[in-house]
Amino acid sequence: LTDEFYRTKSDELMQEVYKLIRYTCYKYMYLVKKMLGKDFICYKTDAIYYIDTETNRELVNNFFVEKSLLIKQLD
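Residues numbered from 1 in each chain as written. Predicted model: local features only at pLDDT ≥ 70, side-chain atom pairs only at ≥ 80, totals over all residues. Heavy atoms only, no water.

### Let's talk about the overall build of the protein chain
Helix and strand counts for the protein chain come out as two helices and two strands. When the helices and strands of the protein chain are placed in sequence order, the string is α-β-β-α. Over its C-alpha trace the protein chain gives a radius of gyration of 16 Å, far above what one expects of a compact globule, namely 11 Å for 75 residues. Over its C-alpha atoms, taken along the principal directions, the protein chain stretches across nearly 45 × 25 × 20 Å. Per-residue burial over the protein chain gives 16% buried out of 75 residues. Taking all contacts inside the protein chain whose residues are at least 6 apart in sequence as the whole, residues at least 24 apart take part in 26%. Element-wise, carbon and sulfur atoms account for 56% of the exposed surface of the protein chain, whose accessible area totals about 7,000 Å². Counting 12 positive and 12 negative side-chain charges, the protein chain places the centres of these two groups 7 Å from one another. (Helix = DSSP H or I, 4+ residues; strand = E, 2+ residues; numbered from the N terminus. Rg over C-alpha atoms; globule rule 2.2 N^0.38 Å. Buried < 20%, exposed > 50% of the residue type's maximum accessible area, 1.4 Å probe, protein only. Contact = heavy atoms within 4.5 Å. Areas by Shrake-Rupley, 256 points an atom, 1.4 Å probe, with all protein chains shown as cover. Lys, Arg positive; Asp, Glu negative; His and termini not counted. Charge placed at Lys NZ, Arg CZ, Asp CG, Glu CD.)

Structure representation (structure tokens):
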């Protein structure tokens, strides 16, 4: 973290990359929501909240591993 602030000129490629990342995250969160069904609570920027069961932990973990994404589950 820093107190420094940088402003860049408008960059269309950077905007497209940002949108791709953003919508890919939305897609993954939506798929996890469908997978968990009634056990899904909500998702926020970088966290998914769901009913904590061994089955649900396994479902969520396997989903992200299959997508080659990192995951951290809090206790």
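The discussion continues.
### Section: the nonpolar core
Counting residues in each nonpolar core, the largest one holds 10 residues, listed as Tyr 28, Met 29, Val 32, Leu 36, Phe 40, Ile 48, Tyr 50, Val 60, Phe 63 and Phe 64. Elements that contribute at least two residues to this core include exactly helix H1 (12-36), strand E2 (47-50) and helix H2 (54-66). If you tally residues by element for this core, the top one is H1, at four residues. The residues contacting Leu 36, other than those within four sequence positions of it, are Tyr 50, Asn 56 and Val 60. (Core = buried A, V, L, I, M, F, W, Y, C linked by side-chain atoms within 4.5 Å.)

### What to know about the pattern of salt bridges
According to the stated counting rule, one finds three salt bridges in the structure shown. Here Glu 16 and Lys 19 are joined by a salt bridge, their closest N and O atoms 3.4 Å apart. With Glu 16 and Lys 19 both in helix H1 and three residues apart, the pair spans about one turn of that helix. Looking at Glu 16, the relative accessible area reads 47%, which means it is partly exposed. (Salt bridge = Lys/Arg side-chain N within 4 Å of Asp/Glu carboxyl O.)

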